[in-house]
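Survey of secondary and tertiary structure
Single-letter residue listing:
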Amino acid sequence: MSSTFQLRRDSFGKLVLTTADGEEHVGVIPVRAFPIQAPMRGISMVREGGKEVAWIDDLADLPEPIRHLVQEEIEGREFIPEILHISDVSSFATPCTWYVKTDRGDTEFVLKVDEDIRRIGEASLLVSDSHGINFLVRDMFHIDKHSRKILDRFL
């Protein structure tokens, strides 16, 4: 179904999806089925009320202009920085402050309790800070040795 629709923005900045039969859906929102394990695959285009109007198997298969619009909309709605390196932690007991490098720059956050680190799948972790912001460790087995050593103390 991914190639059977057109996508554009209207004058208010909302996404407008036009189906192959010409039906327009204003204000559609892309929703990832598997945002962490497969962020580029399985994207549902939903209209108001949550009804799916189109399905994207793989974002890479879409024409560039449509792919760009979908990615732009997702990035504007989702905020999950990816931890690339853990520089330091203030303590190995919680609460503690983590000093990290993410895909969006260097930052620090407070980890309240050990349970704020959750496994997602076999290798991914979701770390929630004291303000409810989630940070992603995409693959704890491929992060650098120093960061892995710190993670091991909390898992």
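Definitions and limits used
Residues numbered from 1 in each chain as written. Predicted model: local features only at pLDDT ≥ 70, side-chain atom pairs only at ≥ 80, totals over all residues. Heavy atoms only, no water. Pairing = 2+ DSSP bridges. Helix = DSSP H or I, 4+ residues; strand = E, 2+ residues; numbered from the N terminus. Axes fitted to C-alpha atoms, helices over the stretch in contact; angles between N-to-C directions. Contact = heavy atoms within 4.5 Å.

Brief notes about the sheet that holds strand β4 (residues 29–32)
Strand order in the open sheet formed by three strands is β4-β5-β6, with antiparallel pairing between adjacent strands. Strands with a single pairing partner mark the edges of an open sheet, and in this sheet they are β4 and β6 (52–58). In this sheet, adjacent strand axes meet at a mean angle of 25° when their direction is disregarded. Of the strands in this sheet, β4, β5 (41–46) and β6 touch helix α1 (residues 64–77), which is tilted by about 75° from β4.

Digging into the sheet that holds strand β2 (residues 15–19)
Pairing within the open sheet is antiparallel, and its three strands lie in the order β1-β2-β3. This sheet does not close on itself; its edge strands, each paired only once, are β1 (5–9) and β3 (24–26). Shown here is a sheet whose adjacent strand axes are inclined to one another by a mean of 20°, direction ignored. When β2 meets β3, the two strands line up antiparallel, connected through three bridges. Across the sheet, Val16 pairs through a bridge with Val26, a residue of β3. Most of the contacts of α1 go to β1, to which it runs at about 55°, and overall it touches β1 and β2.

On their own, these measurements won't tell you what the molecule is for.
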